[in-house]
Amino acid sequence: MHSTVICPGSFDPVTLGHIDIITRASKMFDNVIVGVFVNGEKHPAFTIEERISFLERTVGDIPNVRVIGCDGLLAQCAKDLGATAVVRGLRAVSDFEYEFQMALTNRKLNPDLDTVFLASDSSYTYLSSSIVKNVAFHGGDITNFVPACIHDEIFNKIKGVK
Ligand code: ADP
C-alpha cells in the first residue's frame, strides 16, 4: 500500500527544524505533501507565495516531496489529497497539549486520518519561525536557523519591516 502523508504548517518562514522533519518523513513514507496553510497565522510576515517558494527551494528537490498551498480545514484537505496521516514535529512538552487536541479533533472530523509525531532533532528543539522573525527583526544572526539559499531574502524582508 502506498502511503501519502501531509506535513501541515504556516512555515512563516521555514526553518531548519521544519526541513529536518520533512526530510525524515520523506524517508518513512512514499509521498509527502507539505501543506502551507494560508489561514495558519492571522498576520503572516511572508505571503503564501513566498512561503511556498522558500519550501520549494529547500525541499523541492526531494523526489517524493510536493509543496502546495492549502486553505480551510486540515482534515478536509488531507481527505481531498488522499493523505492518511498528518506528520507533526514535537519540540517539547509545551507543544504536546495543543498537538494532542488537534490530532483528536482531526480524527473526529476524518476518522481515517491519523497523526504521527516525530521528535524534533535535539539541535532544533528551541527553534521556531517566531524566533527567526524576532532575531532578524533586531538584526541578529539567523544563519544557524534557516537554509543558506533563502537566508538573505528572509533577513532583508524582516529587517525592512523595522
Ligand atoms: P503551525 O503554524 O501549525 O504551528 P509551524 O509552521 O510553526 O506550524 O510548524 C509546522 C510543523 O513543524 C509543526 O508540526 C511543528 O511542530 C513543527 N516544527 C516547527 N519547528 C520545529 C522544530 N524546530 N523542530 C521540529 N519540528 C518543528
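Refer to the structure printed above.
Residues numbered from 1 in each chain as written. Predicted model: local features only at pLDDT ≥ 70, side-chain atom pairs only at ≥ 80, totals over all residues. Heavy atoms only, no water.

Visitor: Give a detailed account of the nonpolar core, specifying residues and quantitative values.
Guide: Ranked by internal contacts, the top residues of the largest apolar core, which has 34 residues, are Leu 55 and Ile 154. Secondary-structure elements contributing two or more residues to this core are β1 (4–9), α1 (16–28), β2 (31–37), α2 (48–59), β3 (65–70), β4 (85–90), α5 (129–137) and α6 (148–161). The element that contributes the greatest number of residues to this core is α2, accounting for five residues. In this view, Leu 55 contacts Phe 11, Val 14, Ile 22, Val 34, Val 36, Gly 60 and Val 67; residues no more than four positions away in its chain are not counted. Residues Ile 33, Cys 70, Leu 74 and Ala 83 belong to the second largest nonpolar core, which totals 12 residues. (Core = buried A, V, L, I, M, F, W, Y, C linked by side-chain atoms within 4.5 Å. Buried < 20%, exposed > 50% of the residue type's maximum accessible area, 1.4 Å probe, protein only. Helix = DSSP H or I, 4+ residues; strand = E, 2+ residues; numbered from the N terminus. Contact = heavy atoms within 4.5 Å.)

Visitor: Help me get a handle on the site of the ligand, residues and values and all.
Guide: Residues in close proximity to the ligand total 14 residues, the closest being Ser 10, Phe 11, Gly 89, Tyr 124 and Leu 127. One of the side-chain nitrogen or oxygen atoms of Ser 10 is found 2.4 Å away from an oxygen atom of the ligand. Arg 91 has a polar side-chain atom sitting 3.3 Å from a nitrogen atom of the ligand. In the complex, 85% of the free accessible area of the ligand, which totals 550 Å², lies under the protein chains. Broken down by secondary-structure element, the contributors of at least two residues to the shell around the ligand are β1, α1 and β4. The biggest single contributor to the shell around the ligand is α1, with three residues. Classifying every residue of the shell around the ligand gives five nonpolar, six polar and three charged. (Near = heavy atom within 4 Å. Polar contact = N/O pair within 3.5 Å; in protein donor to acceptor, adjacent residues only side chain to side chain. Areas by Shrake-Rupley, 256 points an atom, 1.4 Å probe, with all protein chains shown as cover. Nonpolar A, V, L, I, M, F, W, Y, C, P; charged D, E, K, R; others polar.)

Visitor: A description of the pairing of strand β5 (residues 114–119) should follow, citing residues and the corresponding values.
Guide: Inspection of the sheet shows β4 paired to β5 by six bridges, in the parallel sense. Across the sheet, the residue bridging to Val 87 is Val 116, located in β5. Assessed by its sense of winding, the connection that carries the chain from β4 through helix α4 (residues 93–109) to β5 is right-handed. (Pairing = 2+ DSSP bridges. Right-handed = clockwise from strand over helix to strand, strands pointing away.)

Visitor: Give a description of the sheet that holds β5 that names residues and reports values.
Guide: Strand order in the open sheet formed by five strands is β3-β2-β1-β4-β5, and the pairing between neighbours is parallel. On the outer flanks of this sheet lie β3 and β5, each paired with one strand and no other. Ignoring strand direction, the axes of neighbouring strands in this sheet form an average angle of 30 degrees. Taken together, the two bridges between β1 and β4 define a ladder with parallel strand orientation. Each residue of the ladder has a partner; that of Val 5, found in β4, is Ala 85. Against the sheet, α1 contacts β1, β2, β3, β4 and β5, and its axis sits at roughly 120 degrees relative to β5. (Axes fitted to C-alpha atoms, helices over the stretch in contact; angles between N-to-C directions.)

Visitor: Please set out unusual backbone geometry residue by residue, giving values where relevant.
Guide: Cis geometry is found at the peptide bond from Asp 12 to Pro 13, where omega equals 0 degrees. Among the structural elements, Pro 13 can be located in the loop between β1 and α1.

Visitor: Can you tell me about the packing of aromatic side chains, naming the residues and giving the values?
Guide: Throughout the structure, instances matching the rule amount to three aromatic pairs. With centroids separated by 5.1 Å and ring planes inclined at 20 degrees, the aromatic side chains of Phe 96 and Phe 100 adopt a geometry described as stacked. Of this pair, Phe 96 and Phe 100 both sit in helix α4, four residues apart, which is roughly one turn of that helix. Given the relative accessible area of 37%, Phe 96 is considered partly exposed. Where Tyr 126 meets Phe 145, the ring centres are 6.0 Å apart and the plane angle is 65 degrees; that geometry is what we call edge-to-face. (Phe/Tyr/Trp six-rings, centres within 6.5 Å; stacked < 30°, edge-to-face > 60°.)

Visitor: Give a detailed account of the environment of Phe 11, specifying residues and quantitative values.
Guide: Within the fold, Phe 11 resides in the loop between β1 and α1. For Phe 11, a relative accessible area of 5% gives the class buried. For the pair Phe 11 and Ala 92, spaced 81 residues apart in sequence, the C-alpha separation works out to 18 Å. What Phe 11 contacts, discounting residues up to four positions off in sequence, is His 18, Ile 22, Val 34, Gly 35, Val 36, Arg 51, Leu 55 and Ser 129.

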